[in-house]
Structure formats: structure tokens, C-alpha cells
Amino acid sequence: MNYWLMKSEPDVFGIDHLAGCPAQTEHWDGVRNYQARNMLRDQMQVGDLVFFYHSNCKVPGIVGIAEVVRSGYSDHTARDPRSNYYDPKSTEERPIWFMVDIRFVRKLERNISLEELKQQPELSSTPLVRRGNRLSVMPISPQEWDFILSLE
DNA sequence: GCCAACGTTGGC
DNA sequence: GCCAACGTTGGC
């Protein structure tokens, strides 16, 4: 059982989009970064919990919780020439890119902004608050998970 | 919209 | 295999 944080732009796919999906479940496609890919492919397990983070918006921060309901499998958008995420190097037999399925669990009672997270000494070593971090999927320690929830 | 930070690409 | 150029991310 692991904890994660996943970033998404609310204008593109926000927490309310996830909540509105059939079965409140959606595949998390389009990750095209090897470090994030490795976590999707190798480490994320069914039952893992995910902080849903809104990035590239007015108030970036954690807005909800989701659960991994299918572990890593081939990201089919890499094989779709019409997709923004098309990568001709990825094939059915040898996929390069992976995705997981996540299901909406709940929204937080209030959004916890990046600004607020940065002010917490307990979170000083989490990758999220480190400057210049661009990972769209990152691990959260159990201690960090509990602490962040205690801010809610 | 700016720009710092970072990852990827490709020439050599 | 180095590294400059380029593209992207994402906070501000």
C-alpha cells in the first residue's frame, strides 16, 4: 500500500471530471516522463491512495483523494496517431508508456494550497514543494500523507 | 504571459 | 558520451 500525488490541470481534467466519469473511474493516460512512467508501471498497486492535485491554475494545491483500481498497463494513446500523446516508438508488443486507472474517493473538505503546503516544516523534504519539480506523479510517505490530511 | 527549471534530442 | 539547443512544465 503506497501513497501518491498526481497533478492535473483542472481545465483539462480536474477532480470534478473524475467524479463525473462512469463509475467515477478514469484511466490516467498521457504520462510521457520516464521517472513518472516507472512509478506507474512498477510501483502503483490496486488500493494505493492518491492525492489529486490541481496544477497550472489560479490556486494550485491538493483538492481530493482517488484510489488506484487498476495497476500499470499499456497506454493506448501512445499508439493513436491522432492523440497528442502519440509516440510511434511505443508498440503493442513493446509498450513504452503506461497508465493506471483511478477512481474518485472524495474531495477534501477544503483545498490545501501549494502555498500552505510549502509553509509546513514537516513537508520540507517532499518533492512537491521543491523548486522546479515537474514530476506529474510522485510518491508521498505515509507520514506526509497523514500530516497533509491533518491540515484538512 | 514570463521565465526558471528541467528533460530530451541530436550533432559532433 | 558531451553538451548546446530546444521544448515543456508550472508557479507566479
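All values derive from a computational prediction rather than experimental measurement.

Conventions used here
Residues numbered from 1 in each chain as written. Chains lettered and ligands numbered in written order. Predicted model: local features only at pLDDT ≥ 70, side-chain atom pairs only at ≥ 80, totals over all residues. Heavy atoms only, no water. Helix = DSSP H or I, 4+ residues; strand = E, 2+ residues; numbered from the N terminus. Buried < 20%, exposed > 50% of the residue type's maximum accessible area, 1.4 Å probe, protein only. Near = heavy atom within 4 Å. Polar contact = N/O pair within 3.5 Å; in protein donor to acceptor, adjacent residues only side chain to side chain. Nonpolar A, V, L, I, M, F, W, Y, C, P; charged D, E, K, R; others polar.

(A) Local environment of the environment of N38. Note on placement: N38 falls in helix 3 (residues 34-43). According to the relative accessible area criterion, N38 is partly exposed, its value standing at 29%. In sequence terms N38 and F98 are 60 residues apart; their C-alpha atoms lie 8.4 Å from each other.

(B) How the structure looks around the protein's contact with DNA strand C. All residues in the neighbourhood of DNA strand C are listed as K7, Y53, S55, N56, P60, L114, K118, N133, R134 and L135. Take the atoms of DNA strand C that sit within 4 Å of the protein: sugar and phosphate atoms are 76% of them. For DNA strand C, a phosphate oxygen lies 3.1 Å from a polar atom in the side chain of K7. Contacts to DNA strand C include K118, whose side-chain N or O atom sits 2.8 Å from a phosphate oxygen. A breakdown of the residues in the surface near DNA strand C according to their chemical character gives 4 nonpolar, 3 polar and 3 charged.

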